[in-house]
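# Topology and contacts: notes
Chain by chain, the residues run as shown.
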Amino acid sequence: MQPPTVRISDVGRKNGHRTVVFEADGTEFGVFDGYKQGADGVMRIATAPWMDDTQVRPVVRATMEVAVEPVETAGQTIEASSEQPTGWEDHLFWGQVVDVLENTATVLESVRLFDDTDRDSPGVGLDPTPFEDEPSAVVDVGIGAVLLDLADVAVDVESGEYLRCTASRTDLLGYDRRA
């Protein structure tokens, strides 16, 4: 999985929760940076305040209520919600399915969390255990790939097809630190 390369344009709060706003190709869209378990057993968010205005490779997952529509036409983009583009709700992802995973944990081994670390730290690995046996699709949206939570999706999703999906929430799982 090749996560997108984007710039963090804001690290802030929304309704008491951490939100991170990414900018790619002139489009800004927000993601939810909720607590997740690090490989060290500590619950933490992925983004440290010092990461504001840096280039990163986030691993994001469209989740919660996900509406999937297979499409005949090729297209690859992320369209931020028109109501609240810097929030984490209702973004549209359009792209080609690169892979369908029965176990999302298999693509999370290089994901790092940076809360409570300094700039020179390699971060802490994400504990992939909660994502075992969780199905996802890897969708190339043009600037890289995002994960699409398939747990409650009613349509069959297959590699090679194009789809458009809207998710009620987009989660930041962490950052890919592979060279």
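This text goes with the structure placed above it.
Residues numbered from 1 in each chain as written. Predicted model: local features only at pLDDT ≥ 70, side-chain atom pairs only at ≥ 80, totals over all residues. Heavy atoms only, no water.

### Observations concerning the environment of Val 100
The residue Val 100 is located in strand S9 (residues 91-101) in this model. Through-space distance from the C-alpha of Val 100 to that of Val 155 is 13 Å; in sequence the pair is 55 residues apart. (Helix = DSSP H or I, 4+ residues; strand = E, 2+ residues; numbered from the N terminus.)

### Here's the deal with the pattern of salt bridges
What the rule picks out here adds up to six salt bridges. Between Arg 7 and Asp 53 there is a salt bridge whose closest N-O contact spans 2.7 Å. Of this pair, Arg 7 sits in strand S1 (residues 6-14) while Asp 53 is found in the loop between strand S5 (43-44) and strand S6 (55-56), placing the two residues 46 residues apart along the sequence. On the basis of relative accessible area, Arg 7 is assigned to the partly exposed category, the value being 24%. A single salt-bridge network, built from bridges that share partners, covers Arg 7, Glu 23 and Asp 53. (Salt bridge = Lys/Arg side-chain N within 4 Å of Asp/Glu carboxyl O. Buried < 20%, exposed > 50% of the residue type's maximum accessible area, 1.4 Å probe, protein only.)

### Some details on the layout of surface pockets
Counted as a void, the largest pocket has a volume near 310 Å³. Forming the walls of the largest pocket are 19 residues, and the residues nearest its centre are Tyr 35, Phe 131, Arg 169, Asp 171 and Leu 173. The set of elements that each furnish at least two residues to the lining of the largest pocket consists of strand S4 (36-37), strand S7 (58-71) and strand S14 (162-176). Looking at the lining of the largest pocket element by element, the count peaks at four residues for S14. Partitioning the lining of the largest pocket into residue classes produces nine nonpolar, three polar and seven charged. One number sums up the size of the second largest pocket: a volume of about 160 Å³. In this structure, the second largest pocket is lined by 13 residues; those nearest its centre are Met 51, Gln 55, Val 56, Phe 114 and Arg 177. When grouped by side-chain class, the residues that make up the lining of the second largest pocket number five nonpolar, three polar and five charged. (1 Å grid on protein atoms, 1.4 Å probe; cavity = no way out; pocket = protein on both sides within 12 Å on 5 of 7 lines; lining within 4 Å. Points joined across faces, edges and corners; volume = space filled by probe spheres on them. Nonpolar A, V, L, I, M, F, W, Y, C, P; charged D, E, K, R; others polar.)

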